[in-house]
Amino acid sequence: MTILLVEDDEVIRRSVTMALERYGYRVMSAGDGLTGLELFREGRHDLLLLDVMLPGLDGIGLCRRIRETSMDPVLMMSARGDALDVVSGLEAGADDYVVKPVDTSVLVARIRSLLRRAVYAPAPAPAPTSASASASAQRPADRARPDRSRRDDRALLVFGDLTVDTAGLEVSLAGRPVALAPTELRLLLEFAANPGTVLDRQTLLRNVWDYGWDGDSRVVDLCVQRLRKKIGADRVETVRGFGYKLRR
């Protein structure tokens, strides 16, 4: 597993790198946001660990740039635990955050949790060769259509114009695909598995974020907000004082 660490404090950058390498991770690091963006564009990373306060391009802006092209897990680090930093990072697309200084065991636990629930899109099918393309062109139209007879319709959950394919891990709204970050997809799958059931924040933290301890419920609230923007504001209902539920 390769982690891209973007941290301007050299002491912290070195100590975090050494700690993660002891746990078997390969770490690439940068000391500012623009360099971090270049490294992100040049290579493939399994997780990105971003500091909020960075010179040139701060962590919030960097996270937004990353989210333009990638759904890789993003863990934000902040020297302050105030609501502004936390909310800004989560709204920018981060999956989770930690407050510095952070214990190494806690940091690694958060990283492992994000990597466990990360969902990667399947590799695209290879382009057909000229021979296979020619053969396909000669087939009747009905034979050229994909065979859907083997698809298990039990894996398709339909809520109005929202369709969730729990086997293919695909979501569509009114027939159009919806791109969800890994945490957003896991949150929707949790709701879809319990339609009409109120799920409290601690249950969602345990089942979606894989927290073995009480996490910050703001993570849940911000992820619900992001999910609503993509599947419809009225799809996930707030039950005040209890939690959230997916409307049938």
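Quick summary incoming for the structure in this document. (Residues numbered from 1 in each chain as written. Predicted model: local features only at pLDDT ≥ 70, side-chain atom pairs only at ≥ 80, totals over all residues. Heavy atoms only, no water.)

1. Regarding the sheet that holds strand E6 (residues 156–159)
Taken in spatial order, the 4 strands make up an open sheet running E6-E7-E8-E9, and their pairing is antiparallel. Two strands close off the open sheet at either side, each with one partner strand: E6 and strand E9 (176–177). Bridge count for E6 against strand E7 (residues 162–165) is 4 bridges, and the pairing is antiparallel. Bridge pairing in E7 places Leu156 opposite Asp165. Its contacts with the sheet place helix H8 (residues 182–192) against E6, E7 and strand E8 (170–173), and it is angled at close to 100° to E7. (Pairing = 2+ DSSP bridges. Helix = DSSP H or I, 4+ residues; strand = E, 2+ residues; numbered from the N terminus. Contact = heavy atoms within 4.5 Å. Axes fitted to C-alpha atoms, helices over the stretch in contact; angles between N-to-C directions.)

2. Brief notes about the pattern of salt bridges
Counting across every chain of the model gives 11 salt bridges. A salt bridge links Arg110 to Asp96; its shortest N-O distance comes to 3.4 Å. You can see Arg110 sitting in helix H5 (residues 104–117) and its partner Asp96 sitting in strand E5 (residues 96–99), a full 14 residues away along the chain. With respect to burial, Arg110 and Asp96 carry one shared label: buried. For Asp161, the salt bridge is made with Arg235, and the minimal N-O distance between the two is 2.6 Å. Remark: Arg235 occurs in the loop between helix H10 (217–231) and strand E10 (236–239) and Asp161 occurs in the loop between E6 and E7; sequence separation between them is 74 residues. (Salt bridge = Lys/Arg side-chain N within 4 Å of Asp/Glu carboxyl O. Buried < 20%, exposed > 50% of the residue type's maximum accessible area, 1.4 Å probe, protein only.)

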